Amino acid sequence: MEEHYWDIAAYFSETLCITWCEGLTLDEVAVVLGSGPDTGLRYDLVEAENAGYEAREEAGGVACSAIAGQLGSWLVVVEPDYGDTGSDHETLRALSTKGKALNVYSGVNSHSLDYYMNSRPLTILQFMEWGEEPFYRQGEQPHLLDDLIGDFSGKRATDFRAFALALAERMTGVRLTHDWLFGKPCRSAQIAISDGRTS
């Protein structure tokens, strides 16, 4: 499973931010992420990246884009190129109001997996690249995923990315594939970010 996700994770050069949520509609998820009404446009991941660049230039600031679509019983949101809205704790609280939300984030200095249910943070795993233990655990049930984590001993962010995406598949029961990412079943959501806050 991790071999599959090494290939997926390799596409995200700077940051990786992917969010799964269950219990909300696509429109409800779009509202939480700060997106406007559905335009009917369908983008793949590359097109979403390009749209994000254009939005950033037009806004004169930092902007990102995202694609969101159904994958099994879950709605999945992928934010390319510096997007991190899905990793925000208030966003995850809102996305899990009617069920569950899971986010995998990996940036320059931070790498985490957050699991929420009914707006409550059950488990937050912060990957420690240089620590004796691979994870710093938080949340109401910090050891909830220990059986799934097993003996993970990765030392690099790339190790964490592939492992965390595989762990997300184990938790959700759905596989993120190239066909899904680079096909066009997904809604494109324009998310304007300013000073780290969704506007």
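Here the structure is a predicted model, which means the values were calculated and not measured. (Residues numbered from 1 in each chain as written. Predicted model: local features only at pLDDT ≥ 70, side-chain atom pairs only at ≥ 80, totals over all residues. Heavy atoms only, no water.)

Turning to the overall build of the chain, a few remarks are in order. In terms of helices and strands, the chain carries 7 helices and 9 strands. In the chain, which comprises 199 residues, the share counted as buried stands at 49%. Taken as a whole, the chain presents about 9500 Å² of accessible surface, with 49% of it coming from carbon and sulfur. (Helix = DSSP H or I, 4+ residues; strand = E, 2+ residues; numbered from the N terminus. Buried < 20%, exposed > 50% of the residue type's maximum accessible area, 1.4 Å probe, protein only. Areas by Shrake-Rupley, 256 points an atom, 1.4 Å probe, with all protein chains shown as cover.)

Moving on, we get to the pairing of strand E4 (residues 100–106). Of all 7 residues making up E4, 6 are buried, and the element is well covered by its neighbours. By the bridge criterion, 7 bridges tie strand E1 (residues 16–22) to E4 in an arrangement that is antiparallel. By the bridge assignment for E4, Thr19 is matched with Asn103. Where E4 folds back onto strand E5 (residues 111–117) in an antiparallel hairpin, the turn is made up of 4 residues. (Pairing = 2+ DSSP bridges.)

Another point: the side chain of Thr15. Position of Thr15 relative to the elements: it lies in the loop between helix H1 (2–9) and E1. For Thr15, the residues in contact, after removing those within four places along its chain, are Asp81, Tyr82, Gly83, Tyr105, Ser106, Gly107 and Arg161. (Contact = heavy atoms within 4.5 Å.)

For helix H6 (residues 157–172), built from 16 residues, the straight-helix expectation of 22 Å at 1.5 Å per residue is met to within 8% by its first-to-last C-alpha distance of 22 Å. Burial of H6 is extensive: 14 of the 16 residues sit out of reach of the surface. Positive backbone phi, at 80°, marks Gly173, one or two positions downstream of H6. (Expected span 1.5 Å × (residues − 1).)

What follows covers the packing of aromatic side chains. Counting across every chain of the model gives 9 aromatic pairs. Measuring from centroid to centroid gives 5.2 Å for Tyr11 and Phe182, while their planes differ by 75°, and the two rings are edge-to-face. Placement of Tyr11 in the loop between H1 and E1 and of Phe182 in helix H7 (residues 178–182) is noted, with a sequence separation of 171 residues between them. For Tyr11, a relative accessible area of 30% translates into the label partly exposed. Pairwise contacts between aromatic rings join Phe127, Phe135, Phe152, Phe160 and Phe163 into one cluster. (Phe/Tyr/Trp six-rings, centres within 6.5 Å; stacked < 30°, edge-to-face > 60°.)

On average, residues of the chain score 84 in pLDDT, and 84% of them are at 70 or above. Here strand E9 (residues 197–198) stands out as the least confident element of the chain, with mean pLDDT 32; E5 is the most confident, with 98. Low pLDDT, under 50, characterises residues 190–199; the stretch is placed with 26 contacts to residues that sit more than four places away or in other chains. (pLDDT = per-residue confidence, 0-100.)

Here Glu132 shows up in the loop between strand E6 (120–127) and strand E7 (135–138). Residue Glu132 is classed as exposed on the basis of its relative accessible area of 81%. The spacing of Glu132 and Ser153 is 21 residues in sequence and 9.5 Å in space, taken between C-alpha atoms.

A word on unusual backbone geometry. A positive phi angle, near 50°, is found at Asn118, a position not held by glycine. Counting through the fold element by element, Asn118 comes out in the loop between E5 and E6. Here Ser119, not a glycine, exhibits a phi torsion of approximately 65°, which is positive. Here Ser119 shows up in the loop between E5 and E6.

With that out of the way, let us pick up the nonpolar core. Across soluble globular proteins, nonpolar side chains show a tendency to be buried alongside one another. Formed by 38 residues in total, the largest nonpolar core has its most connected members in Ile18, Trp20, Val78, Val104, Leu165 and Leu176. A per-element tally of this core places H6 first, with 9 residues. Beyond its immediate sequence surroundings of up to four residues, Leu165 is in contact with Tyr5, Ile8, Ala9, Leu16, Ile18, Trp20 and Val104. Formed by 13 residues, the second largest nonpolar core is a distinct cluster that contains Cys21, Leu33, Val77 and Leu95. (Core = buried A, V, L, I, M, F, W, Y, C linked by side-chain atoms within 4.5 Å.)

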